[in-house]
Amino acid sequence: MSSLSRELVFLILQFLDEEKFKETVHKLEQESGFFFNMKYFEDEVHNGNWDEVEKYLSGFTKVDDNRYSMKIFFEIRKQKYLEALDKHDRSKAVEILVKDLKVFSTFNEELFKEITQLLTLENFRENEQLSKYGDTKSARAIMLVELKKLIEANPLFRDKLQFPNLKNSRLRTLINQSLNWQHQLCKNPRPNPDIKTLFVDHSCGQPNGARAPSPANNPLLGSLPKAGGFPPLGAHGPFQPTPAPVPAPLAGWMSNPSNVTHPAVSSGPIGLAASSIPAALKHPRTPPTNLSVDYPSGDSDHVSKRPRSMGISDEVNLPVNVLPVTFPGHGHNQTFSAPDDLPKAVARTLNQGSSPMSMDFHPVQQTLLLVGTNVGDIALWEVGSRERLVSKNFKVWDLSACSMPLQAALVKDPAVSVNRVIWSPDGSLFGVAYSRHIVQIYSYHGGDEVRQHLEIDAHVGGVNDIAFSHPNKQLCVITCGDDKTIKVWDATNGTKQYTFEGHEAPVYSVCPHYKENIQFIFSTAVDGKIKAWLYDNMGSRVDYEAPGRWCTTMAYSADGTRLFSCGTSKEGESFIVEWNESEGAVKRTYQGFRKRSLGVVQFDTTKNKYLAAGDDFSIKFWDMDNIQPLTSLDADGGLPASPRIRFNKDGSLLAVSANDNGIKILANSDGIRLLRTLENLSYDASRTPEAPKPAINPISAAAATAAAATSAGLAERSPSVVPIAGMNGDARNLGDVKPRITEESSEKSKIWKLTEISEPSQCRSLRLPENMRVTKISRLIFTNSGNAILALQSNAIHLLWKWQRSDRNSNSKATASIPPQLWQPSSGILMTNDVAATNPEEAVPCFALSKNDSYVMSASGGKISLFNMMTFKTMATFMPPPPAATFLAFHPQDNNIIAIGMDDSTIQIYNVRVDEVKSKLKGHSKRITGLAFSHVLNVLVSSGADSQLCVWNTDGWEKQKARFLQVPAGRTPTTQSDTRVQFHQDQIHFLVVHESQLAIYETTKLECMKQWVPRESSAPITYATFSCDSQLVYASFLDATVCVFNAANLRLRCRINPSAYLPASVSSNVHPLVIAAHPSEPNEFALGLSDGGVHVLEPLESENKWGVPPPAENGSVSSMAATPPVGAPGSEQAQR
């Protein structure tokens, strides 16, 4: 809810209190959760109204929200229990024990037993701890002192204990001001008007009894301020006059508050969201609805939900008896059957090879579909003949011309996603916006002829949207990005023309448009702000808030007359709204979304008539003139939770992203005929018709209107603006990447045969189900119970898969034989890390799981969050950056002690219970990339991006030893190479993982006992881990190969090629970033991939192991015998 909506609730609370609606006041306090009335709470506790006490508390917190809340409820229920015992009401006491106190037994069983034993005492005061318990009244008073301290310390009550300082009858004053304003707008204003109702706008009757026309319906009012109106000013203060006049529709968005003092409204941000009081203090227009402030909600479909202007002088207050305002009944409830002109039939199914992120049909050749994917691939499809005309993997055309931040980012993490693809208005060019800094512009010459045109290092961080426009009849490219800017580039030579600064968060989308001879750009940022820019350097003309206040895109209808936006909040609430341009206000809010959308919903418009959005595993359609959905289609199933969608120009085809890297083409009857005409044509015949000329010609001003609508920024992705972490900090040298690894030497194979797994039939592999758009998997772990897998994505969202108990899986253990469920609590919330104010290029995700699987501690560049694994609720956040956490590890003996590796190279030893840093360890020179405790040696081993290993004593936290990694000759590590560490089961030796090697170290001497190095021509290592019994090491490589080693001597025993677990349709860029070993099945492991997939792998049941261990001596470089349980010193050259 917006800040102004929140303030309105306070005004209503004040009004109800003044009118003596006491019960209603407290009910609203509880239901809104905005103000906790401590006085009321104290009265109810003193009176022993325990049911009301808990009911009131429930509006602000639940028992299991955090430790403060748990303590609050425990104290109340304990007091209730003791009072029943004091009255010798044993049956009541037993009931309280079972119903109210039993819940705490899971957290402290001993305490619950002790409470239960009180039933056996004649007087519970015989218990030593309760010996000082007095009478009921004094006991309640003592408890209240404790409760108040807990409530004040509870972060959930923060900012809710103080009622704002308001003048008396503030709501009455605002309504009187509104009536004054309405009266000023009367065509024939009468002195001493008779105000009889608030249900409709006031208007003094004309002499013949006819009503004056509503000013809102008078088109002249858009540009002619009436007496008493407010002149249009720049949104951010006095601007110099612009060379071109501001168009009247945009002027409505640009008007500023008057200079009349109006603290209650002007003190907060003026939002233009439907769920706020937007467009406040603007041109004096009267919306044709009741004068009450209206708010869209999931169960209301009032058509005219729009903001209300409230700015007027306090000088004249009409005598009015203010009554509680009620709202008219709902409208537009009728249902519709789907019109025949909607594309509903699945006419084509295409396999892209990686997950489609953005799609756009050619504006002339309407069966040509441009696609960009989550691994940086782009493709051009002729959907009529089902041919892929063009397919290109991501590649920087000229790395030397790129900025150093981009070069460093690509070395640190070469994974790149496409955020947006779009055609120019005439189809002679198309643009690609990537998640890393750059945009690429290609020229299209018909058929499969695509040429490189421009490469622009556009933004620091991700480029989130791209569009074409024609200011001054010159074709331009507009981009926006994580660096909070919008930039305009010449589409012919790539020179930068404008940089628009003013957003305070990453810019998510742009929407250029053309109206009344004026070109302008709308932009939206992830903090929900909407701004508008003219092609000058005079700043934003608009500063309003969009519904949802997170990821929002805007688009005009094809004829350029109607403006819509679609957005999703961080909580998953989605909105499509139509804007009243002349007022800068929401005209209507469309209904029918899932209560909590899974992912960011995207939308499109067609035929100047229909809206479509991907939501709830389907495509939903609306008539633009009706807020109720027309119909919903599942496209024969197989759609993701929030599919990406795109109409072709005439609306006969609709491209929809599908699961398993698919694209479905839906068609109406015209579309089916169009596809059939192309179906049997040869490739050569279908490549040339109407191919646009390669020359980039300025288009006419008349055509620009339609062109702007075509290139309006409709986002086809989840927010890349969320800070994206490096793949577990992995650094790669792109020059080392090779397509496949070398075969074993024939001489060696005579002695011993390496097990090669290349076919899916040679192992058990399962890709876990995905219900939402997933980004790359940054962290992965099996729960300690072994029946679930937890993943942390690079967009800071956690995914949890659980295996259910069944006849085929009686112990509910994780297995590749049975698919699990992607689990969410009934509340629908997601575990999402704080990512505020972090740079995606620098964020390093990390998490650690408590031993009982109850809590996960996690960070993605922002504050560290503690989540409840059952409810997904955030229990606490702490340690705001800088510095940011890069690695987390629980102390093996005390879950309250956490070692936190930081990006400033320090390690902080933090006590959760007392919220205090106990020690700060300094010894590394770069960020911490690994931490591991040994409970046998009482040490902590750390590793960093500086390739250094350090050993710390956990008693006094002194550094005992330090050593730099032995980097093999010929293997120069990149500047940000990660080094990870993991203790062997014996707690004396540990595994070291670096892109250049695997090594086993002995801890007390910090000596390398065994080392395995890939050949120089082989792909770098991306991750490695011990099996649960420490007998195997699983390692993944940048070419998607997975190798299984004997841990005792680091000798290769089995190689799993990508073809064994990745379908042939998957892009060759996809590779594992993380490996997790099952906690009790030594031969089971899971892979987290760069395309967001998670695969569980097990050997065939008939084999029950990965390959055959090599003999101790078999002609390898190192022939030293292995010394149990790890290996003898030495180095073994890779046999890959």
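**Section: the overall build of the protein**
So, step 1. Broken down by element type, the protein carries 16 helices and 58 strands.
So, step 2. The buried share of the protein, reckoned over its 1136 residues, is 60%.
So, step 3. Taking the contacts inside the protein whose residues are at least 6 apart along the sequence as the reference set, 59% of them involve residues at least 24 apart.
So, step 4. When the accessible surface of the protein is split by element, carbon and sulfur atoms take 51% of a total near 44200 Å².

**Notes on the pattern of salt bridges**
So, step 1. Across all of its chains, the model carries 33 salt bridges by this definition.
So, step 2. Between glutamate 19 and arginine 172 there is a salt bridge; the shortest N-O distance is 2.7 Å. One end of the pair, glutamate 19, is in the loop between α1 (3-18) and α2 (22-32); the other, arginine 172, is in helix α9 (residues 170-185), with 153 residues separating them in the sequence.
So, step 3. A relative accessible area of 24% means that arginine 172 is categorised as partly exposed.

**A look at the sheet that holds strand β30 (residues 763-767)**
So, step 1. The strand order across the open sheet formed by four strands is β30-β57-β56-β55, and the pairing between neighbours is antiparallel. The open sheet terminates on both sides in strands that have one partner only, identified here as β30 and β55 (1072-1077). Along the sheet, successive strands turn relative to each other by an average axial angle of 20°, direction set aside.
So, step 2. Sheet analysis places β55 next to strand β56 (residues 1085-1089), joined by five bridges and oriented antiparallel. Bridge pairing in β56 places alanine 1077 opposite phenylalanine 1085.

**What to know about the layout of surface pockets**
So, step 1. When its volume is computed, the second largest pocket comes out at roughly 1500 Å³.
So, step 2. Along its surface, the second largest pocket is lined by 45 residues, and Ile781, Asn784, Leu931, Gln982 and Phe983 are the ones closest to its centre.
So, step 3. Of all the elements in the fold, those that place two or more residues in the lining of the second largest pocket are β31 (777-782), β35 (846-849), β39 (885-890), β43 (928-934), β47 (979-983), β48 (989-994), β51 (1021-1026) and β55.
So, step 4. Split into classes, the residues belonging to the lining of the second largest pocket amount to 28 nonpolar, 14 polar and three charged.

**Let's talk about the packing of aromatic side chains**
So, step 1. Summed over the entire model, instances satisfying the criterion amount to 32 aromatic pairs.
So, step 2. Measuring from ring centre to ring centre gives 5.1 Å for tryptophan 397 and tyrosine 442, while their planes differ by 80°; the resulting arrangement is edge-to-face. Within this pair, whereas tryptophan 397 is found in the loop between β5 (387-392) and α12 (404-412), its partner tyrosine 442 is found in strand β8 (residues 438-444), the two being separated by 45 residues in sequence.
So, step 3. When its relative accessible area of 4% is taken as the criterion, tyrosine 442 is described as buried.
So, step 4. Pairwise contacts between aromatic rings join Phe36, Tyr40, Phe41, Tyr56, Phe60 and Phe157 into one cluster.
So, step 5. If you follow arginine 6 out to its NZ or CZ, it ends over the ring of phenylalanine 34, 5.2 Å from the centre.
So, step 6. Directly above the aromatic system of tryptophan 823 lies the positively charged group of lysine 802, at a separation of 3.9 Å from the ring centroid.

**Observations regarding the nonpolar core**
Soluble, globular proteins show a tendency: their nonpolar side chains are buried together.
So, step 1. Within the largest apolar cluster, 40 residues are counted, with the highest numbers of intra-cluster contacts made by Leu780, Ile789, Ile1056, Tyr1061, Phe1085 and Trp1106.
So, step 2. Looking at this core element by element, the count peaks at four residues for β56.
So, step 3. Excluding anything up to four places from it in sequence, tyrosine 1061 contacts Ser765, Ala1040, Val1042, Ile1056, Pro1072, Leu1087, Leu1089, His1095 and Leu1097.
So, step 4. Listed in part, the 39 residues of the second largest apolar core include Phe73, Phe74, Leu150 and Ile151.

**Quick notes on the side chain of glutamate 44**
So, step 1. Inspection of the secondary structure puts glutamate 44 in helix α3 (residues 38-46).
So, step 2. No salt bridge is formed by the buried glutamate 44. Its closest oppositely charged neighbour is lysine 39, at 9.3 Å.
So, step 3. Other than its neighbours up to four places away in sequence, glutamate 44 contacts Asn49, Glu52 and Val53.

**Let's talk about the sheet that holds strand β40 (residues 897-902)**
So, step 1. Overall, antiparallel pairing links the four strands, which are arranged β39-β40-β41-β42 in an open sheet. Both edges of this open sheet fall to β39 and β42 (916-922), since each of them pairs with a single strand only. On average, each strand axis in the sheet is inclined to that of its neighbour by 20°, with strand direction left out of account.

**Focus: unusual backbone geometry**
So, step 1. Backbone torsion omega between proline 881 and proline 882 reads -5°, so that peptide bond is classified as cis.
So, step 2. For proline 882, the location among the structural elements is in the loop between β38 (874-878) and β39.
So, step 3. Each neighbour pair has its own omega, and for proline 882 with proline 883 the value is -10°, a cis peptide bond.
So, step 4. Mapped onto the elements, proline 883 comes out in the loop between β38 and β39.
So, step 5. Positive phi is not limited to glycine here, since aspartate 915 has a value of about 55°.
So, step 6. Considering the arrangement of structural elements, one finds aspartate 915 in the loop between β41 (906-911) and β42.
So, step 7. At glutamine 987, a position not held by glycine, the phi torsion is positive, near 65°.
So, step 8. Along the chain, glutamine 987 falls in the loop between β47 and β48.
So, step 9. The class of glutamine 987 is buried, set by a relative accessible area of 12%.

**Focus on the pairing of β43**
So, step 1. Counting buried residues along β43, seven of its seven residues qualify, which places the element largely inside the surrounding structure.
So, step 2. The sheet contact formed by β43 and strand β44 (residues 939-944) spans six bridges and is antiparallel. Directly across from alanine 932, in β44, lies its bridge partner valine 941.
So, step 3. Turn length for the β43-β44 hairpin, with the two strands adjacent in sequence and antiparallel, is four residues, and the turn residue asparagine 938 shows positive phi of about 55°.

**Comments concerning the environment of alanine 1086**
So, step 1. Looking at the secondary structure, you find alanine 1086 in strand β56.
So, step 2. Classification of alanine 1086 by relative accessible area gives buried; the value is 0%.
So, step 3. In this structure the C-alpha to C-alpha distance between alanine 1086 and tyrosine 1034, which are 52 residues apart in sequence, comes to 9.9 Å.
So, step 4. Setting aside chain neighbours within four positions, we find alanine 1086 in contact with Leu780, Phe782, Ile789, Val1074, Ile1075, Ala1076, His1095 and Val1096.

**Digging into the environment of phenylalanine 104**
So, step 1. Relative to the elements of secondary structure, phenylalanine 104 occurs in the loop between α6 (90-101) and α7 (109-117).
So, step 2. The sequence separation of phenylalanine 104 and valine 63 amounts to 41 residues, and the corresponding C-alpha distance is 9.3 Å.
So, step 3. Once you skip the residues sitting within four places of it in the chain, phenylalanine 104 turns out to touch Val63, Met70, Phe73, Phe74 and Arg77.

**What to know about the environment of aspartate 64**
So, step 1. Here aspartate 64 is to be found in the loop between α4 (50-57) and α5 (67-86).
So, step 2. Between the C-alpha atoms of aspartate 64 and threonine 871, which are 807 residues apart in sequence, the distance is 8.6 Å.
So, step 3. With near-sequence residues (within four places) excluded, aspartate 64 lies in contact with Asn868, Thr871, Lys873 and Met875.

**Quick notes on the pairing of strand β33 (residues 798-802)**
One face of the sheet, then the other: side chains in a regular strand alternate in exactly this way.
So, step 1. Counting buried positions along β33 yields four of five residues, so the element is predominantly enclosed.
So, step 2. Two strands pair when backbone bridges link them, and strand β32 (residues 788-793) and β33 are joined in this way by five bridges, in the antiparallel orientation. Paired with alanine 788 across the bridge in β33 is lysine 802.
So, step 3. Hairpin connection between β32 and β33: a loop of four residues separates the two successive antiparallel strands, and alanine 796 in this loop has a positive phi of roughly 80°.
So, step 4. Judged from the two bridges that link them, β33 and strand β34 (residues 821-822) form a sheet pairing that is antiparallel. Within the sheet, the bridge partner assigned to tryptophan 801 lies in β34 and is leucine 822.

**Observations regarding the confidence of the model for the protein**
Interpretation of this model should avoid reading the predicted coordinates in detail wherever pLDDT is low.
So, step 1. When pLDDT is averaged along the protein, the result is 78, and 78% of the positions lie at 70 or above.
So, step 2. Scored below 50 in pLDDT, residues 682-750 makes 228 contacts in the model with residues more than four places away or belonging to other chains.

**Examining the packing of α4 against α5**
So, step 1. Following both chains from N to C, one finds α4 and α5 inclined at 175°, their axes separated by 11 Å at the closest point. Considered as vectors, α4 and α5 are oriented roughly antiparallel to each other. Two secondary-structure elements touch here, α4 through Trp50, Asp51, Val53, Glu54 and Leu57 and α5 through Ile72, Phe73, Ile76, Arg77, Gln79, Lys80 and Glu83.
So, step 2. Grouping the amino acids of the contact of α4 with α5 by side-chain chemistry returns six nonpolar, one polar and five charged.

**Topic: α9**
So, step 1. With 16 residues, α9 should reach 22 Å at 1.5 Å per residue; the first-to-last C-alpha distance of 23 Å fits that figure.
So, step 2. Across the 16 residues that make up α9, a large majority, 13, are buried.

What counts, and at which threshold
Residues numbered from 1 in each chain as written. Predicted model: local features only at pLDDT ≥ 70, side-chain atom pairs only at ≥ 80, totals over all residues. Heavy atoms only, no water. Helix = DSSP H or I, 4+ residues; strand = E, 2+ residues; numbered from the N terminus. Buried < 20%, exposed > 50% of the residue type's maximum accessible area, 1.4 Å probe, protein only. Contact = heavy atoms within 4.5 Å. Areas by Shrake-Rupley, 256 points an atom, 1.4 Å probe, with all protein chains shown as cover. Salt bridge = Lys/Arg side-chain N within 4 Å of Asp/Glu carboxyl O. Pairing = 2+ DSSP bridges. Axes fitted to C-alpha atoms, helices over the stretch in contact; angles between N-to-C directions. 1 Å grid on protein atoms, 1.4 Å probe; cavity = no way out; pocket = protein on both sides within 12 Å on 5 of 7 lines; lining within 4 Å. Points joined across faces, edges and corners; volume = space filled by probe spheres on them. Nonpolar A, V, L, I, M, F, W, Y, C, P; charged D, E, K, R; others polar. Phe/Tyr/Trp six-rings, centres within 6.5 Å; stacked < 30°, edge-to-face > 60°. Lys NZ or Arg CZ within 6 Å of the ring centre and 35° of its normal. Core = buried A, V, L, I, M, F, W, Y, C linked by side-chain atoms within 4.5 Å. Lys, Arg positive; Asp, Glu negative; His and termini not counted. pLDDT = per-residue confidence, 0-100. Parallel < 35°, antiparallel > 145°, perpendicular 65-115°, else oblique. Expected span 1.5 Å × (residues − 1).

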